[in-house]
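Take a look at the letters that make up each chain.
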Amino acid sequence: MNRLRYVIIVCGLWLVAGTLRGQSREPKSPSDSVLFRGFSVHLDIASPLMGIAVDKGVITGELQFDVNLRNKFFPIVELGYASVDHTADNGARYRAGVPFWRLGLNYNVLKTKAEDGSEKLNRHYPFVGLRYGMSVVNYDLLSVPVSRDYWGETAELAWSGRNAYAGWVELLAGVRVDLAKGFTMGWSVRVKLLLHTALDNNELLWYVPGFGRSSGTQFTFNYTIGFNYRTRYERARMERF
Amino acid sequence: MKQFVRIFGLCWLMVALVACNGDDTVCRKEKTVVVGVALYKTTYNAATETFTTVPTSEKLTVWGVGSDSTLYTGAAVSALALPLHVHTDTTTFVLQRDSSGIDTLTVYHSNDTNFISLECGCFVYHTILAASATTHQVDSVIIEKTAVQNVSENHLRIYYR
């Protein structure tokens, strides 16, 4: 698990270093002075559907706010809420319902400048990204069985009203597609790795809102729709194409 | 081309990372930990005038005091696997050797509940604090290991006469 953690962290650093190096090679142009190009708000509609279809008892939803910096970098905040009520085959029950947040950056992997230094038009773009997510989980673990068959001893343990923070990192890749009149949609796949929790035994947090099952690396899919606001400068630039 | 390689590389990396996922819902087969007891016998060698201790097999019938079922029913065994109580801190077993003498083995222990996972529930581990036995057939009992956390270790030695 530690090796996997290092792989994700190294990949994240490689992404950042690679993108910065690539950026510095591009010739400067007057448009470089205009940093802020707009912002967008997106609603993820895949995770609630996945919660209903796959993870029974999980209800989740999230919003994404990102800022467009030179059409290349997209600092992003993701806010969401998830509740889970799951009963295992042995009767043990886990309940949690809390908000979560993620901070990170998307990077447009397409070239945004032509050979002559002029900016290109990228209405649709593939991206890679990195996130750090956190949630303070209020959870109940109920009816956890303890038994010793030979002696006929059975009991049920409970951990009620507990809370613990959990932090994780995500590596993602996706596509953002410009529809019309500022409306956009996108897809992304994510690999998530739990970095730390306040507990010695992470298994107590069976499900971490915003992350998923606490045991092992998680893999999720997001499908988002939303609205993209472009600045006057960016709208004027796009009209030239 | 460079961009294609970069995107392809990242996709491959994502797939590789996802492939690292293990099956995290597999529970341990044994949900009960047991005290392993090895049987020994001390014999006197008249020629050398010394006592020697060797592992032995005994035909034992074993049951827990308070339980209706037997753990061993007269078969020749060289080691025993004994489950301890999870709600009390003293467990007593009856050890009947052949059809003759009966001894009782009492284990004093603490119980430590460990949450494994939602699917697997809790395991109760034990720490052996003391052990004693009556001495009709048994010579003595010693503690070899105090932590009881699996089904494959020996924790006690019983020395038969």
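Provided above is the structure to which this section pertains.
All values reported here derive from a predicted model rather than from experimental measurement.

Summing up its helical and strand segments, chain A has 3 helices and 10 strands in all. In chain A, 67% of the contacts between residues at least 6 apart in sequence involve partners at least 24 apart. Summed over its atoms, the accessible surface of chain A is roughly 11700 Å², and 62% of this surface lies on carbon and sulfur atoms.

Residues and elements named next belong to chain A. Ordered by their spatial adjacency, 8 strands build a closed barrel running 1-2-3-4-5-6-7-10, and the pairing between neighbours is antiparallel. Averaged over all adjacent pairs, the angle separating strand axes in this sheet is 25°, with direction ignored. Here 7 bridges tie strand 1 (residues 36–44) to strand 10 (residues 218–230), and the two strands are oriented antiparallel to one another. Counterpart to Ser-40 in the pairing with strand 10 is Asn-228. The sheet contacts of helix 2 (residues 46–53) involve strand 1, strand 2 (58–69) and strand 10, and relative to strand 2 the element is tilted by about 160°. Contacts between helix 3 (residues 232–239) and the sheet are confined to strand 1 and strand 10, with strand 10 contributing the most and set at about 90° to the helix.

Moving on: empty space enclosed by the protein. Residue and element names in this part refer to chain A. As enumerated under the stated definition, the model contains 4 cavities of 30 Å³ or more in all. One number sums up the size of the largest cavity: a volume of about 180 Å³. Residue lining of the largest cavity: 17 residues in total, with Asn-68, Asn-71, Asn-122, Tyr-125 and Arg-230 positioned closest to the centre. Among the elements that line the lining of the largest cavity, the one with the most residues is helix 3, at 3 residues. The residue inventory of the lining of the largest cavity, partitioned by class, reads 4 nonpolar, 7 polar and 6 charged. Its boundaries defined by the atoms lining it, the second largest cavity holds a volume of some 80 Å³. Together, 13 residues line the second largest cavity, and Gln-64, Phe-127, Trp-187, Ser-188 and Thr-224 are the ones closest to its centre. With 4 residues, the single largest contributor to the lining of the second largest cavity is strand 7 (residues 183–197).

All names here are of chain A. Of all the residues in helix 2, the buried ones are Ala-46, Ser-47 and Gly-51. All buried residues of helix 2 fall inside an arc of 135° around its axis, so they share one side. Opposite the packed face of helix 2, turned more than 90 degrees from it, sit the exposed residues Leu-49, Ile-52 and Ala-53.

Let us now look at the sheet that holds strand 7 (residues 102–117) of chain B. Spatial strand order, 4-3-6-7-8-10 (chain B): 6 strands in an open sheet with antiparallel pairing. Lying at the two open borders of the sheet, with one neighbouring strand each, are strand 4 (70–77) and strand 10 (147–148) of chain B.

Glancing now at unusual backbone geometry. Residues and elements named next belong to chain A. Despite not being glycine, Arg-70 shows a phi value in the positive range, around 55°. Tracing the backbone through its elements, the reader meets Arg-70 in the loop between strand 2 and strand 3 (73–87). Taking relative accessible area as the criterion, Arg-70 reaches 28% and is therefore assigned partly exposed. We note that Ser-143 has phi near 55°; this positive angle belongs to a residue other than glycine. Inspection of the secondary structure puts Ser-143 in strand 5 (residues 125–148).

Criteria and thresholds
Residues numbered from 1 in each chain as written. Chains lettered and ligands numbered in written order. Predicted model: local features only at pLDDT ≥ 70, side-chain atom pairs only at ≥ 80, totals over all residues. Heavy atoms only, no water. Helix = DSSP H or I, 4+ residues; strand = E, 2+ residues; numbered from the N terminus. Contact = heavy atoms within 4.5 Å. Areas by Shrake-Rupley, 256 points an atom, 1.4 Å probe, with all protein chains shown as cover. Pairing = 2+ DSSP bridges. Axes fitted to C-alpha atoms, helices over the stretch in contact; angles between N-to-C directions. 1 Å grid on protein atoms, 1.4 Å probe; cavity = no way out; pocket = protein on both sides within 12 Å on 5 of 7 lines; lining within 4 Å. Points joined across faces, edges and corners; volume = space filled by probe spheres on them. Nonpolar A, V, L, I, M, F, W, Y, C, P; charged D, E, K, R; others polar. Buried < 20%, exposed > 50% of the residue type's maximum accessible area, 1.4 Å probe, protein only. Arc of directions from axis to C-beta.

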